[in-house]
Amino acid sequence: MKLLPAVLLALFAQTAVAANIDDVRTYLDATYSPDRPGASVVIMQDGEIIHEAGYGLANVEHGIANTPDTIFRIGSVTKQFTGAAIMLLQRRGELSVDDPIGKYLPDYPTHGHEITIYHLLNHTSGIKSYTGIPGYMDQGVRPDLTTEELVDVFADLPMEFAPGDSWNYNNSGYVLLGAIIEAVSGQSYADFIAENIAGPLGLDSTLYGGPQIIPNRASGYDTDADGNIVNAGFISMTQPHAAGALLSTTGDLVKWHKALTGGEFIHDDAYRAMTTPAELNDGDTYPYGFGLGVGLLRERRMIAHGGGIHGFTCYSLWLPDEEIYVAVLS
């Protein structure tokens, strides 16, 4: 996981990425050994892909190389799809981000607080993140759970702070967003994404993960205490849900980025909301929107998000003023 920020910083050491593309290739060749788990990388500048390639192996045991068609788990990059799904439902008049979550999840205990969809989207709800429960990410993520059973894992945990008082990255909030999407649409989260986002946008390799056979899917790896490559631990893909259960390719993420920023899919005002820093109760802000981080990279305006899930890590980054987009899936 430490390699990805280094890759991105190297890519953006100078604005003129296209002029330094040979240096980028050299760096990536050195970073991802051809006989170890690797990555797929895409770089786009001014709307044109200037580099797209696979590095290293998608499956070590069979010696299968990564390509631009390799499908990876994208972990929390899923969150921007969830944020966009909420904006689609708002545009259709089926919900508002200012609605209290009790309007759609009447049985969820809010512990005397008013928690809104807005609070869930930008991690200001104060709800305890279930992935922070000690030991949960080792053993707790193994069973298959329904959405209701997953919500029950954290529903009765005490709040960490009052909604809007602070910011804390929160996977529970995005599971609740998934539950709201299901309640409003009458579809499973997986079906909603497939029918309302992936299908219409032609994202043929973007789908909810699970035990199904997925051609071109990469295997996930970890390292043991001695640095040896081992198969990643098991996680039921019912567990990350709307917080991190999607898979995709670099090519699909380019299509997704163009749709998200193009002004037609969710409209410009919705994208602005997704990329506006969270506003806290005291008037301060935090550099996170709806499933997207906002900030600066070497004084350049940046919109980005990473993802980490058993066996995989990834990062996507957009420099809007330079019109540079990069996605690294590994």
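Here we summarise the structure given alongside this text. These numbers come from a predicted model, not from an experiment.

Digging into the overall build of the protein chain
- Of the regular secondary structure elements, the protein chain holds 11 helices and 15 strands.
- Here the protein chain has a C-alpha radius of gyration of 19 Å; the compact-globule value for 330 residues is 20 Å, and the two agree.
- Over its C-alpha atoms, taken along the principal directions, the protein chain stretches across nearly 55 × 40 × 35 Å.
- In the protein chain, which comprises 330 residues, the share counted as buried stands at 52%.
- Of the contacts formed within the protein chain by residues at least 6 apart in sequence, a portion of 67% connects residues at least 24 apart.
- A total accessible area of about 14,200 Å² is found for the protein chain, and carbon and sulfur atoms account for 49% of it.
- The positive charge centre, built from 17 side chains, and the negative charge centre, built from 40, are 4 Å apart in the protein chain.

A word on the nonpolar core
- Counting 77 residues, the largest nonpolar core has F81, Y108, I117, L176, I180, I197 and I266 as its most contacted members.
- A per-element tally of this core places helix α7 (residues 171-185) first, with 8 residues.
- Residue contacts for F81: discarding those within four places in its chain leaves I74, Y189, I193, I197, L203, T206, L246, L253 and W256.
- By size, the runner-up hydrophobic cluster in this structure holds 17 residues, among which are I21, V41, M302 and V326.

Quick look at α7
- When the terminal C-alpha atoms of α7 are compared, their 21 Å separation across 15 residues agrees well with the 21 Å that a helix rising 1.5 Å per residue should span.
- Of the residues that open α7, the one with a side-chain oxygen 2.9 Å from the backbone nitrogen of S172 is N170.
- Note on α7: the residue one or two positions beyond its end, G186, has a positive phi of about 75°.

Observations regarding the pairing of strand β1 (residues 39-45)
- With 7 of 7 residues buried, β1 lies mostly within the body of the structure.
- Burial along β1 is two-sided: A39, V41, I43 and Q45 facing one way and S40, V42 and M44 facing the other are all buried.
- Bridge analysis of β1 against strand β2 (residues 48-55) gives 7 bridges, and the strand direction is antiparallel. What sits directly across from Q45, in β2, is E48.
- Counted between consecutive antiparallel strands, the loop separating β1 from β2 contains 2 residues, among which D46 sits at a positive phi close to 55°.
- Bridge count for β1 against strand β15 (residues 324-329) is 6 bridges, and the pairing is antiparallel. Of the residues in β15, the one forming a bridge with S40 is L329.

Considering the side chain of T70
- The residue T70 is located in the loop between β4 (64-65) and β5 (72-73) in this model.
- Assessed through its relative accessible area of 5%, T70 is described here as buried.
- Polar side-chain contacts of T70 include one of 2.9 Å to the backbone nitrogen of T67.
- In contact with T70, not counting residues within four places along its chain, are S40, A58, A65, N216, A218, S248 and T249.

A look at the pairing of strand β14 (residues 312-319)
- Of all 8 residues in β14, 7 are buried, a share of seventy percent or more.
- Two strands pair when backbone bridges link them, and strand β13 (residues 300-309) and β14 are joined in this way by 7 bridges, in the antiparallel orientation. Each bridged residue has a counterpart across the sheet, and for I309 the counterpart in β14 is F312.
- Where β13 folds back on β14, the antiparallel hairpin that results is connected by 2 residues, among which G311 adopts a positive phi of roughly 90°.
- Pairing analysis gives 6 bridges linking β14 to β15, with the strands arranged antiparallel. Across the sheet, residue L317 finds its bridge partner in β15, namely V326.
- The hairpin formed by β14 and β15 contains 4 residues between the paired strands, and E323 there has a positive phi angle of roughly 55°.

Some details on the side chain of D99
- For D99, the position within the fold is in the loop between α3 (78-91) and α4 (117-121).
- Residue classification places D99 among the buried residues on the basis of a relative accessible area of 13%.
- Apart from residues no more than four positions distant in its own chain, D99 is found in contact with Y104, I115, T116 and I117.

Observations concerning the sheet that holds strand β12 (residues 293-297)
- An order of β2-β1-β15-β14-β13-β12 is seen for the 6 strands of this open sheet, with the pairing classed as antiparallel. Single-partner strands in this sheet number two, and they are β2 and β12. In this sheet, neighbouring strand axes are inclined to one another by 15° on average, regardless of whether the strands run parallel or antiparallel.
- Lying over the sheet, helix α2 (residues 21-31) contacts β1 and β2, oriented at roughly 20° with respect to β2.

Remarks on the pattern of salt bridges
- Overall, the coordinates contain 5 salt bridges when judged by the stated rule.
- Across the pair K103 and D99 runs a salt bridge whose closest N-O atoms are separated by 3.8 Å.
- Among the salt bridges present, the one from D321 reaches R301, with a minimum N-O distance of 2.9 Å. Of this pair, D321 sits in the loop between β14 and β15 while R301 is found in strand β13, placing the two residues 20 residues apart along the sequence.

Thresholds applied
Residues numbered from 1 in each chain as written. Predicted model: local features only at pLDDT ≥ 70, side-chain atom pairs only at ≥ 80, totals over all residues. Heavy atoms only, no water. Helix = DSSP H or I, 4+ residues; strand = E, 2+ residues; numbered from the N terminus. Rg over C-alpha atoms; globule rule 2.2 N^0.38 Å. Buried < 20%, exposed > 50% of the residue type's maximum accessible area, 1.4 Å probe, protein only. Contact = heavy atoms within 4.5 Å. Areas by Shrake-Rupley, 256 points an atom, 1.4 Å probe, with all protein chains shown as cover. Lys, Arg positive; Asp, Glu negative; His and termini not counted. Charge placed at Lys NZ, Arg CZ, Asp CG, Glu CD. Core = buried A, V, L, I, M, F, W, Y, C linked by side-chain atoms within 4.5 Å. Expected span 1.5 Å × (residues − 1). Polar contact = N/O pair within 3.5 Å; in protein donor to acceptor, adjacent residues only side chain to side chain. Pairing = 2+ DSSP bridges. Axes fitted to C-alpha atoms, helices over the stretch in contact; angles between N-to-C directions. Salt bridge = Lys/Arg side-chain N within 4 Å of Asp/Glu carboxyl O.

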